[in-house]
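A look at the structure
The primary structure of each chain is shown beneath.
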Amino acid sequence: MTSDLTSAPAAETHEFRAEIRQLLDIVIHSLYTHREIFVRELISNAADALEKFRHETLVNPDIPEKERELAIQIALDEAATTFTISDSGVGMTREELTENLGTIAHSGTKAFLAEMAKAGKGDVNLIGKFGVGFYSAFMVAKKVTVETRSYHSDSQGWRWESDGVGTWTIAPAENAPRGTRITLHLREDAEEFARAPQVREIIRRFSSFVPFPILVDGEKANTVQALWTRNKNEVKEEEYAEFFKFIANAGDEPFYRLHFSADAPLAINALLFVPRDNVERLGFGRMRPGVDLYCRKVLIMKHPEELLPEWMRFVRGVVDSEDLPLNISRETLQDNRLARKLANVITGKFLGFLDEQARHDPERYAEFWAAHGRFLKEGAAEDFAHQEKLAKLLRFESSATEPGKLASLADYVSRMVEGQQEIYYINGPSRAGIEAGPYIEAFRARGIEVLYTFEPIDDFVLSNLRVFDGKALVSADSGDLNLPGEQKDPEGEPMPEADAQALCEWLKEALGTRVSEVKVSARLVSSPAVATTGGLGMTGAMHRVLMAMNRDAETHGAFMTLELNTRHPLVKRLDVLRRDDTTRDFARELADQLNDNALMAAGLLADPRAMVERMNRLLAKAAGL
Ligand code: ADP
Ligand code: MG
């Protein structure tokens, strides 16, 4: 390639390569929305060029002109309707300019075209994803002029120009400083991009953390630095707080902060925050993920849903990995091996961090748990890859804690009694409600701890977990418990075996389909009867959820077992009454009430109306009427 450097030669005209022509045709004719992303694309290219130059100055001592500030300048001219972006980066030689902006179709070009053909209509976000960002300039410009000079010491300047239609021209440029200046001659329908407030706002949204100053008409437009890439010993507390407020749109300080870097297995800089409040709990609807994905300080994706597990949606922050391809798309994020690895490392780190916090300052962790425990429960139930770590972070009240204080599953295991194989939990509306109910009698009598769960999701989580530390998790209202040890101080003598069996049979017949089985209980101490859930892995809490949808008593009866305490005087009396013809009807009323009382204690009485009428009849009798 020859060019006359002494006389001012006429510009050479070249044709765009076919794929690029097609690409430009789409860019110019079908992309009308979100055109502002061209600002991000050009800034990202400028930042790349600056980054490369910075790297060169580090590795190559012969680089001239180091004194020029590494910055991105944007000059706007409303009268001329131009948008000009300059950088003092590596610039381009004639060959680079020719190849990069017209000849070489990036590998992404074809993919972009294929996607566009599939999508049918223009999705502007695709353009940045396929590494063809430069051409986005033509969404808003009727003509683009690129003036550039490479940092190589003997380089001269070149001017590239095109209307994006079929050809481009190239000519030498006198006095071009090192770096690149791109001028967009805006189309009439894109004049807003020559106005400073608009441009500043776009920069604030997309490029705030670009690690070089961005000056719009000489004034800095990005205030926040790429904190996450700095050494954490050098970042001030206020800087973290400010950064958090910025990215989380928050008014308060972050509750937890995790700033870490790793080199292996991936190069990662991550800065994660946990906000103080859980807005989901405050009734603002489901949260959206809030962690941005960067590659070398350039934003690749804002809040990608596909990066981190769903339960982590309450976390805000930035993940930066230089191992990720800049042109990774939302669609490929889930299938990308590196992205999956990245997500795993980050999730693991975050869980490790929480575990550390929980050990270090359990009271503060309890505050965290109160706000965000719900998310961890969700994770423990659904995120099988991290289930074990999540299980360690769960907290519950228990019969061994003071009211309001929490126990971990590991705490529980450390307190298990001799011979105990299982971890027990019971769901109820409140601590007082659970402790007044019949379910924990047997545990109390044997000195066995029971975890108290107050939300229906808890039972779902624990039954999904199945085991912790090799111990099965068992709902204390399930019918078949194998409790270790002897019950202490049972009250009264049990009924003879044969009488007890006969009473059970009579009761089953009297109660009909409202119970599936009536049996002698081994667990009761002071209550006459208790309703337990028989088999099918159904716990009382799940049953209550089911009941909210279907209130038909017979459906529920299929799951219920009535257990009788045959030491109880009322049960013994019932046996006497049911044997006598004259009192049998009354015995039936007692049986119905006993069953309803048991259901009530379980929170499973579907329809109390019949029960209230019966109670009134029994009261009348008790009052001697
Ligand atoms: P990508 O940035 O994904 O490579 P682009 O279409 O945005 O794709 O840019 C194409 C190429 O043009 C870049 O890879 C780079 O080599 C060159 N380029 C674009 N802008 C600049 C710039 N400001 N300074 C130096 N080179 C640039
Ligand atoms: Mg680019």
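Residues numbered from 1 in each chain as written. Chains lettered and ligands numbered in written order. Predicted model: local features only at pLDDT ≥ 70, side-chain atom pairs only at ≥ 80, totals over all residues. Heavy atoms only, no water.

For any two helices packed against each other, one specifies the crossing angle of their axes together with the interaxial distance. Helix H10 (residues 362–382) packs onto helix H9 (residues 337–360) with a crossing angle of 140 degrees between their chain directions and a minimal axis gap of 8 Å. Taken as axis vectors, H9 and H10 run oblique relative to one another. Crossing of H9 over H10 shows left-handed handedness. Between H9, through Leu354, Gln357, Ala358, Arg359 and His360, and H10, the contact on the second element is made entirely by Pro362, Tyr365, Phe368 and Leu376. Residues belonging to the contact of H9 with H10 are distributed by class as follows: six nonpolar, two polar and one charged. (Axes fitted to C-alpha atoms, helices over the stretch in contact; angles between N-to-C directions. Helix = DSSP H or I, 4+ residues; strand = E, 2+ residues; numbered from the N terminus. Parallel < 35°, antiparallel > 145°, perpendicular 65-115°, else oblique. Left-handed = near helix turned anticlockwise from the far one by under 90°. Contact = heavy atoms within 4.5 Å. Nonpolar A, V, L, I, M, F, W, Y, C, P; charged D, E, K, R; others polar.)

Quick look at the side chain of Ser521 now. Mapped onto the fold, Ser521 is located in the loop between strand E20 (517–520) and strand E21 (529–533). In this structure the side chain of Ser521 is engaged in a polar contact, spanning 3.0 Å, whose partner is the backbone nitrogen of Arg523. With sequence-adjacent residues up to four places away left out, Ser521 is seen in contact with Glu563 and Leu564. (Polar contact = N/O pair within 3.5 Å; in protein donor to acceptor, adjacent residues only side chain to side chain.)

So, on to helix H7 (residues 237–248). The first and last C-alpha atoms of H7 sit 16 Å apart over twelve residues, in line with the 16 Å expected at 1.5 Å per residue. Here H7 has its buried residues at Tyr240, Ala241, Phe243, Phe244 and Ile247. The arc that holds the buried residues of H7, viewed along the axis, is 165 degrees, so those residues lie on one side. Pointing more than 90 degrees away from the buried face of H7 are the exposed residues Glu238 and Glu242. Packing partners of the buried residues in H7 comprise strand E10 (256–262), strand E11 (268–274) and strand E14 (316–321). (Expected span 1.5 Å × (residues − 1). Buried < 20%, exposed > 50% of the residue type's maximum accessible area, 1.4 Å probe, protein only. Arc of directions from axis to C-beta.)

What follows covers unusual backbone geometry. Residue Ala264 is joined to Pro265 through a cis peptide bond whose omega torsion reads 0 degrees. Structurally, Pro265 can be placed in the loop between E10 and E11. The phi torsion at Asn175 lies on the positive side, around 60 degrees, for a residue other than glycine. Mapped onto the secondary structure, Asn175 falls in the loop between strand E6 (167–173) and strand E7 (179–186). At Asp469, a position not held by glycine, the phi torsion is positive, near 55 degrees.

This part covers the side chain of Ser475. Turning to its location among the elements, Ser475 is positioned in strand E19 (residues 471–475). One polar contact links Ser475 to Asp477, side chain to side chain, over a distance of 2.6 Å. Not counting residues within four places of it along the chain, the set of residues in contact with Ser475 comprises Tyr425, Asp459, Leu481 and Thr539.

What the five strands build is an open sheet, ordered E15-E17-E16-E19-E18; its pairing is mixed. Edge positions in the sheet fall to strand E15 (397–398) and strand E18 (467–468), since each of these pairs with one other strand and no more. Pairing between E15 and strand E17 (residues 451–453): two bridges, direction antiparallel. By the bridge assignment, Ser398 is partnered in E17 with Leu451. Relative to the sheet, helix H15 (residues 456–465) contacts strand E16 (422–427), E17, E18 and E19, its axis offset from that of E16 by approximately 160 degrees. (Pairing = 2+ DSSP bridges.)

As enumerated under the stated definition, the model contains 31 salt bridges in all. Between Glu589 and Arg617 there is a salt bridge, with its nearest N and O atoms 2.7 Å apart. Remark: Arg617 occurs in helix H21 (residues 609–622) and Glu589 occurs in helix H20 (residues 584–601); sequence separation between them is 28 residues. A residue is classified by how much of its surface remains accessible, and Arg617, at 43% relative accessible area, is partly exposed. Each of Arg374, Lys377, Glu455 and Asp458 takes part in one network of salt bridges that share partners. (Salt bridge = Lys/Arg side-chain N within 4 Å of Asp/Glu carboxyl O.)

You can read the domains of the protein as domain 1 (12–220), domain 2 (227–366), domain 3 (396–489) and domain 4 (497–622). Taken over C-alpha atoms, the centre of domain 2 sits 53 Å from the centre of domain 4. (Domains from an automatic or database assignment.)

The next point concerns the sheet that holds E20. Across the sheet, which stays open at both edges, the three strands sit in the order E20-E22-E21 with mixed pairing between neighbours. Each of the sheet's edge strands pairs with one partner strand only, and the pair in question is E20 and E21. Neighbour to neighbour, the strand axes of the sheet diverge by 30 degrees on average, direction disregarded. Two strands pair when backbone bridges link them, and E21 and strand E22 (residues 560–564) are joined in this way by five bridges, in the antiparallel orientation. Residue pairing for E22: Ala531 is matched across the bridge by Leu562. Of the strands in this sheet, E21 and E22 touch H20, which is tilted by about 55 degrees from E21.

It is worth spelling out the layout of surface pockets at this point. Roughly 540 Å³ of volume is contained in the second largest pocket. Along the wall of the second largest pocket there are 30 residues; nearest its centre are Glu305, Leu307, Leu308, Pro309 and Glu310. Looking at the lining of the second largest pocket element by element, the count peaks at five residues for H9. Tallied by class, residues from the lining of the second largest pocket come to 14 nonpolar, six polar and ten charged. (1 Å grid on protein atoms, 1.4 Å probe; cavity = no way out; pocket = protein on both sides within 12 Å on 5 of 7 lines; lining within 4 Å. Points joined across faces, edges and corners; volume = space filled by probe spheres on them.)

Moving on, we come to the pairing of E7. Most of E7 is tucked away, with six of its eight residues classed as buried. Summarising the sheet, strand E3 (residues 82–87) and E7 pair through six bridges and their orientation is antiparallel. Paired with Phe83 across the two strands is Leu184, which belongs to E7. With eight bridges connecting them, strand E4 (residues 141–149) and E7 associate as antiparallel partners. Looking at E7, one finds that Val146 is bridged to Ile182.

A few words now on H21. For H21, built from 14 residues, the straight-helix expectation of 20 Å at 1.5 Å per residue is met to within 8% by its first-to-last C-alpha distance of 20 Å. Taken as a whole, H21 has its buried residues at Met611, Arg614 and Leu618. The arc that holds the buried residues of H21, viewed along the axis, is 65 degrees, so those residues lie on one side. Opposite the packed face of H21, turned more than 90 degrees from it, sit the exposed residues Arg609, Glu613 and Leu619. On its buried side, H21 packs onto H20.

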